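Observations on chain architecture
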Amino acid sequence: MEPGERKRLSSASLEGDPREENKLKRGISQDLTSSPRLDRYKIARQLTEKAIKEKKIFSIYGHYPVIRATLRRKGWVEKKFHFLPKVIPNADDDGAGVPEHKCAEGKENQEEALEKTDDIHDVMSRLVKNEMPYFLWTIKRDVIDYHSLSCDQMLNHYGKTASFTTKIGLCVNMRSLPWYVQANPDSFFPRCYGLCTESEKQEFLDDFRRTVASSILKWVVSHQNYSRGKPSIKGEACEPGSGNKKASENAESKLTGLSGQLVDTACQVCRAYLRQLEHEGIDVSEDSTRGLTEDEWKDLTEQYYSLLHGEAFISTSRNHFSQCQALLNKITSVNPQTEIDGLRNIWIIKPAAKSRGRDIVCMNRVEEILELVAADHLSAKDNKWVVQKYIETPLLIYDTKFDIRQWFLVTDWNPLTIWFYKESYLRFSTQRFSLENLDSAIHLCNNSIQKHLKNDKDRSPLLPYYNMWTSTRFREYLQKRGRGAVWASVIYPAMKRAIANTMRVAQDHVEPRKNSFELYGADFILGRDFQPWLIEINSSPTMHASTPVTAQLCAQVQEDTIKVVVDRKVDRNCNIGNFELLCRQPAVDLSPFHGSDLCVEGVSVRRAKKQMPTISNVNFSSSLLDIQPLKVRCPLAMPNQPLGPPHSALQQDSKLKDAKVLPCTLPVPLRRSAERSCKVQSANAVSGGKIEFPTCNFQHIDSKAPKTGLTKAESNKHSDPDILNEHPLPSVLPSVKTVEDALFQPPKPPDSKWT
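Below is a short write-up of the structure. Because the structure is predicted, anything quoted here is derived from the model rather than measured.

The helix and strand inventory of the protein chain stands at 21 helices and 22 strands. At a minimum sequence separation of 6, the contacts of the protein chain that also span at least 24 residues come to 73%.

Applying the stated criterion across every chain yields a total of 27 aromatic pairs. Pairing Trp 76 with Phe 135 gives two aromatic rings, centres 5.9 Å apart and planes at 70°, and the pair type is edge-to-face. Taken as a pair, Trp 76 in the loop between α4 (65-73) and β2 (77-78) and Phe 135 in strand β3 (residues 135-138) lie far apart in primary sequence, 59 residues in all. Phe 135 matches Trp 76 in its accessibility class, with the two residues each being buried. Here the aromatic rings of Trp 407 and Tyr 425 are separated by 5.6 Å at their centres, their planes lie at 55°, and the arrangement is tilted. With Trp 407 in strand β11 (residues 402-413) and Tyr 425 in strand β12 (residues 416-428), this pair connects stretches of sequence that are 18 residues apart. Comparing Trp 407 with Tyr 425, the two get one shared label, buried.

By the secondary structure assignment, Asn 319 is in the loop between β7 (312-314) and α13 (321-334). A residue is classified by how much of its surface remains accessible, and Asn 319, at 60% relative accessible area, is exposed. In the structure, Asn 319 is positioned 59 residues away from Gly 260 in sequence and 8.6 Å away in space, judged by C-alpha atoms.

A complete count under the given rule lists 28 salt bridges for this structure. Between Glu 54 and Lys 50 there is a salt bridge whose closest N-O contact spans 2.7 Å. The network of salt bridges with shared partners includes Asp 403, Arg 405, Arg 427 and Asp 523.

The sheet built from 4 strands is open, its strands ordered β2-β1-β3-β4 with parallel pairing. Unpaired on one side and paired on the other, β2 and β4 (154-155) mark the two borders of the sheet. Judged from the 4 bridges that link them, strand β1 (residues 57-61) and β3 form a sheet pairing that is parallel. Residue Phe 58 lies in a different strand from β3, and its bridge partner there is Phe 135. Against the sheet, α4 touches β1, β2 and β3, its axis set at about 175° to β1. Against the sheet, helix α20 (residues 548-570) touches β3 and β4, its axis set at about 170° to β3.

In a regular helix each residue adds 1.5 Å, so 14 residues correspond to 20 Å; α13 covers 20 Å between its end C-alpha atoms and thus fits that length. Looking only at α13, the buried set comprises Phe 321, Cys 324, Leu 327, Leu 328 and Ile 331. All buried residues of α13 project into a common sector of 135° when viewed along the axis, lining one side. Of the residues in α13, the exposed ones pointing more than 90 degrees away from the buried face are Ser 322, Lys 330 and Ser 333.

Turning to the packing of α4 against α20, a few remarks are in order. It is at 9 Å that the axes of α4 and α20 come closest, and there the two elements cross at 45°. Comparing the axis directions of α4 and α20 gives the class oblique. Considering the relative orientation of α4 and α20, their crossing is right-handed. On α20, the residues that touch Val 66, Ile 67, Thr 70, Leu 71 and Arg 73 of α4 are Ala 555, Gln 558, Glu 559, Ile 562 and Val 566. When its residues are assigned to classes, the contact of α4 with α20 shows 6 nonpolar, 2 polar and 2 charged.

What follows deals with the sheet that holds strand β10 (residues 385-389). Ordered in space as β5-β10-β8-β9, the 4 strands form an open sheet in which the pairing is antiparallel. The strands lining the two open edges of the sheet, one partner per strand, are β5 (192-194) and β9 (361-363). Averaged over all pairs of adjacent strands, the angle between strand axes in this sheet comes to 25°, irrespective of strand direction. Relative to β10, β5 runs antiparallel, the two sharing 3 bridges. Looking at β10, one finds that Gly 194 is bridged to Val 386. Packing of helix α15 (residues 366-374) onto the sheet brings it into contact with β8 (347-351), β9 and β10, and relative to β9 it is tilted by some 145°.

Cut-offs applied
Residues numbered from 1 in each chain as written. Predicted model: local features only at pLDDT ≥ 70, side-chain atom pairs only at ≥ 80, totals over all residues. Heavy atoms only, no water. Helix = DSSP H or I, 4+ residues; strand = E, 2+ residues; numbered from the N terminus. Contact = heavy atoms within 4.5 Å. Phe/Tyr/Trp six-rings, centres within 6.5 Å; stacked < 30°, edge-to-face > 60°. Buried < 20%, exposed > 50% of the residue type's maximum accessible area, 1.4 Å probe, protein only. Salt bridge = Lys/Arg side-chain N within 4 Å of Asp/Glu carboxyl O. Pairing = 2+ DSSP bridges. Axes fitted to C-alpha atoms, helices over the stretch in contact; angles between N-to-C directions. Expected span 1.5 Å × (residues − 1). Arc of directions from axis to C-beta. Parallel < 35°, antiparallel > 145°, perpendicular 65-115°, else oblique. Left-handed = near helix turned anticlockwise from the far one by under 90°. Nonpolar A, V, L, I, M, F, W, Y, C, P; charged D, E, K, R; others polar.

Purely geometric numbers; function is a separate question.
Right, dumping it as structure tokens:
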């Protein structure tokens, strides 16, 4: 060891005690002439004793040299794991491994470090081999049993983060955003569907068909504007090809002419969609709201394909220009994703739980998308495919697509505390952007994909060969083009809002362990209006120094993370680098149950085609009343707080399964009394470890009706005060024969755009 390094280590560890520091220095100078090995051991022992006293023992699983060096500079001593990591953090961790040569590289690095037994840090590590580490940094949470950790041990992961770190989790949970904040997820997250259930497939199919209709309207408008020589749809390519108006007309003469009925049908679909968004179809008869048949949809889609690929044209498109333009304006006012939809109806299909762009494809034919998903022959549980609307009008730099990797740090979930990093970096594609070619090399900017490709020779030489920019370089680019204020006024604030809103949705799903933290990497794509669109969020984002940009920024963000989670515990006013506090909610008392799984369970009610006569008195047969009673669980009420969505459950009493119920009349209106009224208990009212829900009691008119045969066990059950106080409601639903036949409908967030 060099004398300079020894001096730095000793001074850093004995900071604040000058006498001990001088004494140690004198001992070093005396021992240097006698026994260097003894001198090294004495230094290591003193540093280790101080670290043990201050609880500065850490362990790292994986190849994180920046974290290791940063903690050592602060007087921490490493307790090494007794096993080698199976993977190293050279890629976003989403439950996947890394290339074999990277694993071999990690093992070689560790073996080389273990061979240097004379290094002072190795000596210190052996001295703390029986000590408990107080700081744990791992590539994956599952490496250790975090439930067995003490409250003093820090861990760089939280449990149950799949609600936003997996594609399927983010897809599903973003739909609940309006229940938590006044924000529309469609304004910053491209609409997404999980193709693991038939209902989700149908919703995607309906969305694809609506987009076909609106794309036909866009074709009419863009084609007419092209003929006039002034395109009005921002970012849309004009049809067809290039050249003057006469050349275009000559080209059209060789194409198949389509009837104007195609435009009329597309307008009909768009008007129905607008009525649906404005809830105007509720009071309209079913015949007037009839949609297209499957054959009509198939014919409409095939004509759209031929129109899109330049095989056909609409000769009377100018006659429909005004109504198409008016309808598009209305759709744009209610659907914030109209701009990014483009003309080609391209969707991106992703495996729900994979990372680094693996097996991701782009398609624009619905039958091919459904065939790809069906080809797996997996169960609904395992068949986790996600389809998301592709952003067809991205912001380009020198005709090249890019995305933004943005870091943020969560240090607490209650109160929710988020730190946003001021620096980020851009990742460019190696190919020029084109919608004619749906190759993933053009449309995916992941470094794990692009690093295996050569830069296109036709790509601009102004882009760096390593295909990355810092956000500072991007701001300079915008400044030179007169848009320097866009970053601070549009891009940066919108990314912060997107992260804050997403974390609020996930808050109830994550295990909020105290003394934990986690660094995440979010990916954004900018639209041509500079609006950022959240694509995904990665846990364990890559920290590999693959380019000069990541070598600088990844090391910087790791050092700043240590400042926030370690230094700030001692000094609240310490330097936290480029992190800034994004949000910190007031601490709230956690409810005794998870209330985030919002759902509505019950029986769907269909609108009657004819007016039904008023029912004055109805007697039901015994066969109808064999229906099992439904137990209603009401959500707990909080005073002066708006109630969330219904969270009820249909429960079945197995002991009444064979009970015979005799005919009876409808229940009379409830009478308010102290002992028979509906009572709402506070969320904090817990009796005997069980939550007391509000109960409803009903009284029958026919008091002389014979009582049903209840067993002795059932009588004891209802008389036991310790059992959850619930009373069955008599079922009067003739359309349901058993509780199992009840249809479960997911909740619709308020003002939902897509249904």
